[in-house]
Amino acid sequence: MATGWYLTLKCFINPFALLFGVTGLGMLYLSSRGMVARLRRRPFPIDIWASLPMLKRPAAIGLLSLIAAIGVVSTR
């Protein structure tokens, strides 16, 4: 039981973990003003749906890859 307490205490006073934690909190505190201003902005409208002409090239690459794979397997 004492070993568990010792290991828990050792984890809490780990200097590397403490350094990373304090550094992260400091960065969060210093950047909070800029983050709040950035988060209050209205986002850009983004069209996430691809149109059919945009899909022709990736479809051609996929088709050519499938043909090449079939050719490699069949000539083995």
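Residues numbered from 1 in each chain as written. Predicted model: local features only at pLDDT ≥ 70, side-chain atom pairs only at ≥ 80, totals over all residues. Heavy atoms only, no water.

Topic: the overall build of the chain
Across its full length, the chain carries three helices and zero strands. From first element to last, N terminus to C terminus, the chain shows the α and β order α-α-α. The C-alpha radius of gyration of the chain comes to 27 Å, more than 25% above the 11 Å expected for a compact globule of 76 residues. Dimensions along the principal axes, computed over C-alpha positions, put the chain at roughly 65 × 45 × 20 Å. A buried classification covers 0% of the 76 residues belonging to the chain. For the chain, the accessible area works out to roughly 8000 Å², and carbon and sulfur atoms hold 74% of it. (Helix = DSSP H or I, 4+ residues; strand = E, 2+ residues; numbered from the N terminus. Rg over C-alpha atoms; globule rule 2.2 N^0.38 Å. Buried < 20%, exposed > 50% of the residue type's maximum accessible area, 1.4 Å probe, protein only. Areas by Shrake-Rupley, 256 points an atom, 1.4 Å probe, with all protein chains shown as cover.)

What about helix H3 (residues 52-74)?
For H3, which comprises 23 residues, the first-to-last C-alpha distance of 32 Å matches the rise-based estimate of 33 Å (1.5 Å per residue) to within 8%. In H3, a bend of some 25 degrees at Pro58 exceeds every other bend along the element. Of all 23 residues making up H3, only zero are buried, and the element is barely covered by its neighbours. (Expected span 1.5 Å × (residues − 1). Bend = angle between axes of the 7 residues up to and from the residue.)

Describing a nonpolar patch on the surface
Together, Leu63, Leu64, Leu66, Ile67 and Ile70 line one region of the surface with nonpolar side chains, adding up to about 520 Å² of accessible area. Mapping Leu66 onto the fold places it in helix H3. (Patch = residues over 30% accessible without salt bridge, like charges linked within 9 Å, V, L, I, M, F, W, Y side chains within 5 Å. Salt bridge = Lys/Arg side-chain N within 4 Å of Asp/Glu carboxyl O.)

Concerning helix H2 (residues 15-40)
Over its 26 residues, H2 runs 36 Å from end to end, which matches the ideal 38 Å to within 8%, given 1.5 Å per residue. At Ser32, H2 shows its maximal bend, which comes to roughly 55 degrees. Counting buried residues in H2 gives zero out of 26 residues, a small share hidden from the surface.

Bear in mind that shape data such as this cannot, by itself, settle questions of function.
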